[in-house]
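Observations on the three-dimensional arrangement
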Amino acid sequence: MKESESQHNTIIRGFSKLNRDQRIDLVKKRMGRELTKELDAFLQSNAEFQQAFSEFSENYLSNYILPFGVVPNVLINGQLYLVPMVIEESSVVAAASRAAGFWAKNGGFNCEVLGATKKGQVHFTWTGSFGFLHDHFDELKEKLFQATNSITASMRKRGGGISSIDLLDFSSKLVNYFQLDVSFETADAMGANFINTCLEFMANELSDFCSAYPDQGELTIVMSILSNHTPESVVKCSVECEIEQLKSLSGSYTPDEFASRFKMAIDMANVSISRAVTHNKGIYNGIDGVIVATGNDWRAVEAAGHAYASRNGNYQSLSHIELDGKRFRYSIYVPLAIGTVGGLTKSHPLARFALEMLGNPSSGNLMEITAALGMANNFSAVASLVTSGIQRGHMKMHLSNILNQLGATIQQKENAVLWFADKTVSYAAVEKYLTTNGGDTGASAK
């Protein structure tokens, strides 16, 4: 075996204890080459933030840069917002802007937080009877509240705290499995650390309580953790207008035909999981962009949303439509457990800037803004799908990416935008254009 191959098969020990430069050097050795100047520049960029960012994640090398864009004219409950989005997909911000501009002229987005309750569970096994736990639960519950009083004091001052504690029996599905199911209100915080701390204190109190009755059964705490399933932390967002007002979006169809086709697309997403997943992904194009920009957890938000889409036993659209006479009504319901304090919301400079751009909203306001952007992207996507098709607009936005990949000059890029104004964009078409009609004597596809 060659020495380089042997190095590649050697387990790395103590990687997290290396400093950033040492980690980069080790990565280069494993790759067997030096980095390009461009890549090295990226790894070394924003040196003044390197130390601060190194504390956000383990085994830190550098910062991964994504586009930070803004959607103007987002009218929500009568107030106009500039909404920040962090996303790499070229057409998303444009699609959201298109829908926001349309609805700003037609009543805007109407949003309402229907609830903000988060949950967590103490998962445990109990060899005794459920009846014993049930009969003593009022006494136990009082002890659990007392055990967490000092932890919840600050949160209670802000209007939050523990709202309920329930005992759930899962022993018919998994032998001896039970839960303490706890509901929390966390004010403007997402509350993960707060919830997990409370649950761990409750687990200790539960153990102490059951140990006083050794003849009744044996208790084992398996884990204590918040749940990202948040069906009680939901926001509704809706838009409504006369069908005739959809004329500017209907393309070659009449407004009535457009509305009917739009409704059929939503109906299809309610009966076909293949369509529903892609339909809801379009919603999360908008939601994720705002979630990332404001320093919140997009993985948790998406997981909750997809579970919510399955709440009736089948995975379905998160959006709903009603055509009532000459009225077009469209709405989405999405669970959002997010915050405006804690986590990266203040420690990441761009997350802090994003929240300032939004007027330093409460968590409830941010839920509404986020849902509105989800609706905006979904509305634009469906409107395109049922008229001109998604690729026409998407590939127009993707043209600049293709030109960059092919090494086009500034002049070639300007010429290409004009050339493809009424033509279908594809990688092959752009490559052919640069080779034959680039308008630059040095033009060539790389």
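Up top you'll find the structure we're talking about.
For the structure given in this document, a descriptive report is provided here.

**Re the sheet that holds strand β8 (residues 234-242)**
The sheet built from 4 strands is open, its strands ordered β3-β8-β10-β9 with antiparallel pairing. Each edge of the open sheet is held by one strand with a lone partner, namely β3 (110-113) and β9 (319-324). Neighbour to neighbour, the strand axes of the sheet diverge by 15° on average, direction disregarded. In terms of strand pairing, β3 meets β8 through 4 bridges, oriented antiparallel. Within the sheet, the bridge partner assigned to Glu-112 lies in β8 and is Lys-236. Running at roughly 145° to β9, helix α10 (residues 255-271) makes contact with β9 and β10 (327-335) of the sheet.

**Let's talk about the pattern of salt bridges**
According to the stated counting rule, one finds 13 salt bridges in the structure shown. Its salt-bridge partner being Asp-181, residue Lys-119 comes within 2.7 Å of it at the nearest N-O pair. Placement of the pair is Lys-119 in strand β4 (residues 117-126) and Asp-181 in strand β6 (residues 177-185), with a sequence separation of 62 residues. For the residue pair Lys-119 and Asp-181, the accessibility class agrees, reading buried in each case. Through salt bridges with shared partners, one network takes in Glu-240, Glu-242, Glu-322, Asp-324, Arg-327 and Arg-329.

**As for the packing of aromatic side chains**
Using the criterion set out here, one finds 18 aromatic pairs in the structure. Ring plane angle 5° and centroid distance 5.9 Å describe the contact between Phe-130 and Phe-178, whose orientation is recorded as stacked. Taken together, the residues span a long stretch of sequence, with Phe-130 in helix α6 (residues 130-135) and Phe-178 in strand β6 at a distance of 48 residues. Residue classification places Phe-130 among the partly exposed residues on the basis of a relative accessible area of 26%.

**A few points about the nonpolar core**
Counting residues in hydrophobic clusters, the biggest one holds 61 residues, and the most contacted among them are Phe-109, Leu-246, Phe-262, Phe-328, Val-334 and Phe-379. At 11 residues, the largest contribution of residues to this core is made by helix α15 (residues 363-385). Leave out the neighbours within four places in its chain, and Phe-262 touches Ile-321, Phe-328, Tyr-330, Phe-379, Val-382, Ala-383 and Val-386. Of all hydrophobic cores here, the second largest spans 29 residues; its members include Phe-124, Phe-132, Leu-199 and Leu-226.

**Quick look at the side chain of Ser-233**
Relative to the assigned elements, Ser-233 resides in the loop between β7 (219-227) and β8. Filtering out sequence-adjacent residues up to four positions away, Ser-233 remains in contact with Gly-115, Ala-116, Thr-117, Lys-118, Val-334, Pro-335, Leu-336, Ala-337 and Met-367.

**Let's talk about the packing of helix α11 (residues 273-293) against helix α12 (residues 298-308)**
Any two packed helices are characterised by the angle at which their axes cross and by the distance between the axes. At a closest axis distance of 10 Å, the pairing of α11 and α12 adopts a crossing angle of 150°. Overall, the two elements α11 and α12 adopt an arrangement that is roughly antiparallel. Classified by chirality, the crossing of α12 by α11 is right-handed. Counted together, Asn-280, Tyr-284, Ile-287, Asp-288, Ile-291 and Val-292 of α11 and Trp-298, Val-301, Glu-302, Gly-305 and His-306 of α12 form the full contact between these two elements. When grouped by side-chain class, the residues that make up the contact of α11 with α12 number 6 nonpolar, 3 polar and 2 charged.

**A word on the pairing of β6**
When a strand is regular, its side chains alternate between the sheet's two faces. A large share of β6 lies buried, amounting to 8 of its 9 residues. Relative to β6, β4 runs antiparallel, the two sharing 9 bridges. Bridging from a neighbouring strand, Gln-121 pairs with Asp-181 of β6.

**Some points on helix α14 (residues 349-357)**
Among the residues of α14, those classed as buried are Ala-351, Ala-354 and Leu-355. Along the axis of α14, the buried residues cluster in a sector spanning 95°; they form a single face. Residues of α14 that are buried in the fold lie against β1 (68-76), β2 (79-86), α11, α13 (344-347) and α15. Looking at the residues trailing α14, positive phi occurs at Gly-359, about 85°.

**A closer look at the environment of Phe-379**
Its place among the elements puts Phe-379 in helix α15. In the structure, Phe-379 is positioned 140 residues away from Val-239 in sequence and 9.9 Å away in space, judged by C-alpha atoms. Look past the residues within four positions of Phe-379 in its chain and what remains in contact with it is Ala-99, Phe-102, Trp-103, Leu-246, Leu-249, Phe-262, Phe-328 and Tyr-330.

**Focus: the sheet that holds strand β5 (residues 161-169)**
The 4 strands are arranged β5-β6-β4-β7 in an open sheet whose pairing can be described as antiparallel. The outermost strands of the open sheet, each flanked by one partner alone, are β5 and β7. The sheet shows a mean angle of 20° between the axes of neighbouring strands, direction not considered. Judged from the 8 bridges that link them, β5 and β6 form a sheet pairing that is antiparallel. Of the residues in β6, the one forming a bridge with Asp-169 is Phe-178. Packed on one face of the sheet, helix α9 (residues 192-211) meets β4, β5, β6 and β7 and runs near 165° to β7.

How each quantity is defined
- Residues numbered from 1 in each chain as written.
- Predicted model: local features only at pLDDT ≥ 70, side-chain atom pairs only at ≥ 80, totals over all residues.
- Heavy atoms only, no water.
- Pairing = 2+ DSSP bridges.
- Helix = DSSP H or I, 4+ residues; strand = E, 2+ residues; numbered from the N terminus.
- Axes fitted to C-alpha atoms, helices over the stretch in contact; angles between N-to-C directions.
- Contact = heavy atoms within 4.5 Å.
- Salt bridge = Lys/Arg side-chain N within 4 Å of Asp/Glu carboxyl O.
- Buried < 20%, exposed > 50% of the residue type's maximum accessible area, 1.4 Å probe, protein only.
- Phe/Tyr/Trp six-rings, centres within 6.5 Å; stacked < 30°, edge-to-face > 60°.
- Core = buried A, V, L, I, M, F, W, Y, C linked by side-chain atoms within 4.5 Å.
- Parallel < 35°, antiparallel > 145°, perpendicular 65-115°, else oblique.
- Left-handed = near helix turned anticlockwise from the far one by under 90°.
- Nonpolar A, V, L, I, M, F, W, Y, C, P; charged D, E, K, R; others polar.
- Arc of directions from axis to C-beta.

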